[in-house]
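# Observations on the three-dimensional arrangement
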Amino acid sequence: MNIPFNVPYLTHKESEYIQQVLQSRKLAGIGVFTQKCQAFFEKHYGIQRALLTNSCTDALELCASLLDLKEGDEVIVPSYTFVSTASAFALRGAKIVFCDSRKDHPGMDEEQIEALITSRTRAIVPVHYAGVACNMEKILQLAKKHQLFVIEDASHAIDSFFTFSDGTKKALGSIGDLGTFSFHATKNISSGQGGLLAINNISFIERAEIMWQNGTNRASFLKGNVDKYSWQDLGSSYYPAEIIAAFLWAQLEKLEHIQQTRVKQWEYYSQELQALSVSLPYIPPYATNNGHIYYLLAPSLDTRDELIAQLAALGISSAFHYSPLHSSDYYRKKYDSSPLPQAERYGKQLLRLPLFVELSMEQQEFICASFKAICLRQAAQEIN
Ligand SMILES: *Cc1c(COP(=O)(O)O)cnc(C)c1O
C-alpha cells in the first residue's frame, strides 16, 4: 500500500466555475465568485466583513499594517506555529514575544500571556492549532484589561467554534478584532493557495478595504461614492484573481461533506489508537473539532522519528511539524527570554497521520493496524 499524507480534495465543480469565469472574461479579482465566498464567511460565521486574499500570510500582513506597528511595538505570538504567524508582524517592525504552548494542547497557554505583556505590547495572536480553539474568553479579558488587539490565526480553524461560559458559541476567526484563514492545499478547504481576512472590529473595515486594493479608494469608486479613485494609504495587491475565487466557491459548497468526512476519520483514529504508548489529542470542553489534523505525541524524539520511519517502510506517509520559532535559525540569536519547554516538546514529539477526504476505510484500517504493531514493538524493546 502507498498512502500519502495529504491529497487535496477536488469537488469536480472547480473546472465548471473556472470555465464560467473564462467565459465572462472578468478575470481580475473582486468579481461574482469573490463576493460569493466573502458573503459565505460573513453569513455563516458572523464575520462583519470578509476579504479574500492570496494567502493567509497576506491576510496576516494586512493585519500587521492595520495595527500601524511602530519600531519597538511588541506582538505576542505562540512559538509553536507556522512561520507566517510571526513573520507577518516582524516584517512590519514589531518585536515578536513568544508564548509557550499548553501542556495538554499545542495551542498557546493563556495562563502565561499576562506575564509577557509590557507597555509596548499591541496585540495577541492566538493560533487555533488543529482547529481547536484557544481559550478566547481569557484572551479577550486580557486584551480588554491591557487595551490590546486580538488577531486570530484561524488558518486551521474553518468551521470550528468556541463556547463562552455564558453559553454563547462563536466561530473561530470571528472573535478577535481580526481573524485570518488559509486555503492552502494542506488545509480543509483549499484553492491551492488562498486566504481570507475576517474583520470583526468594524473600525478597521474602511481602511482594510483601502489597503486591500493597493491603498486606493477603488471600493468607494465602485460603489459610486466618489467619481475617481486614487492613492489614499499604504496597501498592496492583496486580492486574488477571480479564477481562484471560483475554485474556492466549489469547495465552500461542499464544506459540510468535507468537514463531516474528516471528523469521522479523526474519530476513527481516536477510537483505534487508545491504550498505546502515544498520547492522543485533547479537546477542551469549550472547543469543537473540525478534523483538520490528527496528531499524536510519541514518548520521545527518537520514538517519534522511528514511528515515521517504520510507517514509511510500510508505504504510509506521516509528518511532523513545527520547529519552534523562538529557537529557529532566524530568531535564535534575537531570543533573550525564558525557555519554552512545551513548544520544544511538541516540535520533537508530535506526529501527524494521513487525513484527507479520499482516505478510504481500508487505508485507515491498515494505518491503525500498522501503527499499533509498531507501538507494541517499540514498547517491547523498551522493556528488553
Ligand atoms: C498554513 C498556515 C499559515 C499560512 O497560510 P498560507 O495561506 O499558506 O499563507 C499561517 N499560519 C498557520 C498556523 C498555518 O498553518
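Our structure's up above, just so we're on the same page.
This is a predicted model, so every value here is computed, not measured.

Turning our attention to the overall build of the protein. Helix and strand content of the protein: 12 helices and 11 strands. Across the 384 residues in the protein, those meeting the buried criterion constitute 56%. Taking all contacts inside the protein whose residues are at least 6 apart in sequence as the whole, residues at least 24 apart take part in 71%. Surface exposure of the protein reaches about 17000 Å², of which carbon and sulfur atoms provide 53%. Between the centroid of the 35 positive side chains of the protein and the centroid of its 40 negative side chains there is a distance of 3 Å.

Attention now moves to the pairing of strand 5 (residues 149-153). Among the 5 residues that make up strand 5, 4 are buried, leaving the element largely enclosed by the rest of the structure. Relative to strand 5, strand 4 (residues 121-124) runs parallel, the two being bridged by 2 bridges. Paired with Ala-123 across the two strands is Phe-149, which belongs to strand 5. Once the chain exits strand 4 it traverses helix 5 (residues 136-146) before rejoining the sheet at strand 5, and the crossover so formed is right-handed.

Time to look at the pattern of salt bridges. A complete count under the given rule lists 16 salt bridges for this structure. Across the pair Arg-102 and Asp-104 runs a salt bridge, and its minimum N-O distance is 2.8 Å. Classification of Arg-102 by relative accessible area gives buried; the value is 14%. Taking relative accessible area as the criterion, Asp-104 reaches 34% and is therefore assigned partly exposed. Here Lys-145 makes a salt bridge to Glu-114, at a shortest N to O gap of 2.6 Å. Linking Lys-145 in helix 5 with Glu-114 in the loop between strand 3 (95-99) and strand 4, this pair joins segments that are 31 residues apart in sequence.

Around the ligand sit 15 residues, and of these Thr-57, Asp-153, His-156, Ser-182 and Lys-187 come closest. Between the ligand and Ser-182 there is a distance of 2.7 Å, counted from an oxygen atom to a side-chain nitrogen or oxygen. Here Tyr-322 contributes a side-chain N or O atom positioned 3.4 Å from an oxygen atom of the ligand. Contact with the protein chains removes 93% of the 380 Å² of surface that the ligand exposes when unbound. Residue classes in the shell around the ligand are distributed as 4 nonpolar, 9 polar and 2 charged.

The rules behind each value
Residues numbered from 1 in each chain as written. Predicted model: local features only at pLDDT ≥ 70, side-chain atom pairs only at ≥ 80, totals over all residues. Heavy atoms only, no water. Helix = DSSP H or I, 4+ residues; strand = E, 2+ residues; numbered from the N terminus. Buried < 20%, exposed > 50% of the residue type's maximum accessible area, 1.4 Å probe, protein only. Contact = heavy atoms within 4.5 Å. Areas by Shrake-Rupley, 256 points an atom, 1.4 Å probe, with all protein chains shown as cover. Lys, Arg positive; Asp, Glu negative; His and termini not counted. Charge placed at Lys NZ, Arg CZ, Asp CG, Glu CD. Pairing = 2+ DSSP bridges. Right-handed = clockwise from strand over helix to strand, strands pointing away. Salt bridge = Lys/Arg side-chain N within 4 Å of Asp/Glu carboxyl O. Near = heavy atom within 4 Å. Polar contact = N/O pair within 3.5 Å; in protein donor to acceptor, adjacent residues only side chain to side chain. Nonpolar A, V, L, I, M, F, W, Y, C, P; charged D, E, K, R; others polar.

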